[in-house]
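Fold and contact review
The primary structure of each chain is shown beneath.
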Amino acid sequence: MSAARRCSPPRALAGLFVWHLKNTGVRRIPCQFVHLCRVANDRLITFQYFNFLKRMYVTQYNNDLSQRAKPKSDSVASPFRELQQLDPEKKIIHKIRPVSPVLRPLSETSSSNGLREMKSAAETEDSVTPVRAESKDRQWKEMKLRLDDLPGILARLSKIKLTALVVSTASAGFAMAPVPFDLSCFLLASLGTGLASCAANSINQFFEVPFDSNMNRTKNRPLVRGQISPLLAVCFAASCGVPGIALLTLGVNPLTGALGAFNIFLYTCCYTPMKRMSIANTWVGAVVGAIPPVMGWTAATGSLDAGALLLGGILYSWQFPHFNALSWGLREDYSRGGYCMMSVTHPGLCRRVALRHCLALIGLSTAAPVLDITTWTFPIISLPINLYISYLGFRFYRDADRSSSRKLFFCSLWHLPMLLLVMFTCKKSFLEKEEKGDLLGGNHGRAMEIRLP
């Protein structure tokens, strides 16, 4: 009994262990088997993985691999030779190297190695040749100036579109003057104003070459691209500026010539350097744009009257919605070029100033009949277009986006010529003013006659 009692606890423990294995092991055998299969699949290399490694090896060591085949006899005509005979221009060359024997003589191995080195050197030289050619093509080349391209280059140097706008505003000032129309004086004034504008624009581009090269809008200008030399640009500016001022001074009158010379100085020596110093350059540039119609008025009358100042004021106010809307879409360009513009540094002021001067155009149009320049029909007829540009100016002030600025800019392009055309049609005729002057002069003569006895 004592021995049985001594052996019973181990036997009981063994029985409990066997019973535990029967209950839990049978249930876990399928899960453990699946787990072992997954581990085996993760650790073992499958057929697809072997193919992937093979492709990677082939692509990585493609230069070291070569096709091995038995050399064919010369009697058998290869299809490649037939292709070469049929189409010599479009031929495909496949190099087939013979299988190297296991043991070669030393002389054969050295000669084969030398041939391989020569072939590899030739192949590398052939591959490097087009690269060198491309690098030579991309190198800097001196651009030769042809006489056929010179007119177009000079037109872009003088900003021919801006010059045409300047001449048109000067012509409007000449036409609005209350004097008889003189064709010769009109042609001399237009030609002199155009030459002065070409000179100012050329000098402006000469000074701004390093800054224009950073802007997308101006990087294709002639001086930036090297299509013309700086010396030739300065000579062209001098050949335009000197005759232009001489025509205005000698052919028209000294006052108009002085205004032309002052405008060149203001544009090149004040406005151009101020573009990188202060936002006040916009106001100075507006004065530059307001002087041409004043020059047209002085060319016709020889004096600075209220009408000349009114025309200058209209051009002065018109330039703010025009230029501020344009500069709003070019803020990135101006910041890259280093220009200090309101649209970059003071965007809120840029929009407020544009709206103010849109409203100022309504007041200036109303002042025209008060100053006895036009009839009262002019402010009435011009009111719709002035209200429309004011509405676009308000939208630009409120929205401050590219869409509103673009609409305001394109509106300003047709607003100015239409406003000047309406102003010209509503101009008071010279005969009415002459009759009024004769009446005043007649009464004065009668009074003198009455006083003489």
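Residues numbered from 1 in each chain as written. Predicted model: local features only at pLDDT ≥ 70, side-chain atom pairs only at ≥ 80, totals over all residues. Heavy atoms only, no water.

Time to look at the overall build of the protein. Tallying secondary structure elements over the protein gives 19 helices and two strands in all. Burial status across the protein gives 32% buried among its 453 residues. Sequence separation of 24 or more characterises 73% of the internal contacts of the protein that already satisfy a separation of 6 or more. With the model as given, the accessible surface of the protein reaches about 29,100 Å², and the carbon-plus-sulfur share is 64%. (Helix = DSSP H or I, 4+ residues; strand = E, 2+ residues; numbered from the N terminus. Buried < 20%, exposed > 50% of the residue type's maximum accessible area, 1.4 Å probe, protein only. Contact = heavy atoms within 4.5 Å. Areas by Shrake-Rupley, 256 points an atom, 1.4 Å probe, with all protein chains shown as cover.)

As a further point, take the environment of S239. In this structure, S239 sits in helix α10 (residues 230-252). Residues S239 and A196 lie 43 residues apart in sequence; the distance between their C-alpha atoms is 9.9 Å. Looking at S239, its side chain comes within polar contact range of the main-chain oxygen of F236, at 2.8 Å. (Polar contact = N/O pair within 3.5 Å; in protein donor to acceptor, adjacent residues only side chain to side chain.)

This part is about the pattern of salt bridges. As enumerated under the stated definition, the model contains seven salt bridges in all. Measuring nitrogen to oxygen at the nearest pair gives 2.3 Å for the salt bridge that ties D333 to R336. Highlighted residues: D333 and R336, both in helix α14 (residues 331-337), separated by three residues, approximately one helical turn. Residue D399 pairs with R398 through a salt bridge whose shortest N-O separation is 3.0 Å. Here R398 falls in the exposed class, since its relative accessible area comes to 51%. Through salt bridges with shared partners, a single network forms among R395, R398 and D399. (Salt bridge = Lys/Arg side-chain N within 4 Å of Asp/Glu carboxyl O.)

We now examine the UniProt feature "transmembrane region" (unreviewed entry) in the protein. Sites flagged by UniProt as "transmembrane region" (unreviewed entry) map to residues 255-272, 279-300, 376-396 and 408-425. Annotated as residues 255-272, this span is 100% helix and 0% strand, and its ends, taken at the C-alpha atoms, are 24 Å apart. (UniProt positions renumbered as here; feature names shortened; annotations may be inferred.)

Bringing helix α11 (residues 254-274) into the picture now. With 21 residues, α11 extends 29 Å between its outermost C-alpha atoms, agreeing within 8% with the 30 Å of an ideal straight helix rising 1.5 Å per residue. Lining the buried residues of α11 we find α6 (160-176), α7 (183-207), α10 and α12 (281-301). (Expected span 1.5 Å × (residues − 1).)

Bringing the side chain of N324 into the picture now. Mapped onto the secondary structure, N324 falls in helix α13 (residues 306-328). With residues up to four places along the chain from it excluded, the contact list for N324 reads T282, Q319, M342, C350, V353, A354 and F396.

Counting 59 residues, the largest nonpolar core has F378, L408 and M423 as its most contacted members. Two domains share this core, each providing at least three of its residues, namely domain 1 (146-277) and domain 2 (305-437). Setting aside residues up to four positions removed in sequence, F378 forms contacts with S365, A368, L419, V422, M423 and C426. (Core = buried A, V, L, I, M, F, W, Y, C linked by side-chain atoms within 4.5 Å. Domains from an automatic or database assignment.)

Further remarks concern the packing of aromatic side chains. All chains considered together, the criterion is met by 12 aromatic pairs. Judged by centre distance (6.2 Å) and plane angle (50 degrees), the rings of F211 and Y339 are tilted. Taken together, the positions of F211 in helix α8 (residues 209-212) and Y339 in the loop between α14 and α15 (342-345) put the pair 128 residues apart, joining distant regions of the chain. By relative accessible area, Y339 is classed as buried at 4%. Ring pairs connect the aromatic residues F174, F181 and F186, which therefore count as one cluster. Positioned above the aromatic ring of Y339, the side-chain terminus of K275 is 4.8 Å from the ring centre. The positively charged end of R276 is found above the aromatic ring belonging to F211, 4.0 Å away from the centroid. (Phe/Tyr/Trp six-rings, centres within 6.5 Å; stacked < 30°, edge-to-face > 60°. Lys NZ or Arg CZ within 6 Å of the ring centre and 35° of its normal.)

Further remarks concern the side chain of T268. Relative to the assigned elements, T268 resides in helix α11. Residue contacts for T268: discarding those within four places in its chain leaves A200, I203, F207 and P273.

Our next topic: the confidence of the model for the protein. In this model, the protein carries an average pLDDT of 77, and 63% of its residues clear a pLDDT of 70 or more. This stretch, residues 133-140, has a pLDDT under 50; its non-local contacts, to residues over four places away or in other chains, come to one contact. (pLDDT = per-residue confidence, 0-100.)

α11 packs onto α10 with a crossing angle of 165 degrees between their chain directions and a minimal axis gap of 6 Å. Of the possible angle classes, the one that applies to α10 and α11 is roughly antiparallel. Where α10 crosses over α11, the two elements pack in a sense that is right-handed. Residue-level inspection shows I245, L248, T249 and V252 of α10 in contact with α11, the latter providing P254, T256, G257, G260, A261 and I264. Residues of the contact of α10 with α11, tallied by class, amount to six nonpolar, four polar and no charged. (Axes fitted to C-alpha atoms, helices over the stretch in contact; angles between N-to-C directions. Parallel < 35°, antiparallel > 145°, perpendicular 65-115°, else oblique. Left-handed = near helix turned anticlockwise from the far one by under 90°. Nonpolar A, V, L, I, M, F, W, Y, C, P; charged D, E, K, R; others polar.)

The next thing to look at is helix α16 (residues 347-370). Spanning 24 residues, α16 covers 36 Å between terminal C-alpha atoms, matching the ideal 34 Å at 1.5 Å per step. What α16 keeps buried is the set G348, C350, R351, V353, A354, L355, H357, C358, L361, S365, A368 and P369. At its buried positions, α16 is contacted by α12, α13, α15, α17 (377-399) and α18 (402-425). Of the residues trailing α16, D372 is marked for its positive phi of about 65 degrees.

Tallied over the full model, the rule gives zero disulfides. Free of any disulfide, C198 has its nearest neighbouring cysteine sulfur in C240, separated by 5.1 Å. Taking relative accessible area as the criterion, C198 reaches 11% and is therefore assigned buried. Here C270 is not disulfide-linked; the sulfur of C269 is the nearest cysteine sulfur, at 6.4 Å. C270 gets classed as partly exposed once you look at its relative accessible area, which sits at 22%. (Disulfide = S-S within 2.5 Å.)

Further remarks concern the environment of I314. Positionally, I314 belongs in helix α13. With 50 residues separating them in the primary sequence, I314 and L364 have C-alpha atoms 6.5 Å apart. In this view, I314 contacts L361, L364, L419 and M423; residues no more than four positions away in its chain are not counted.

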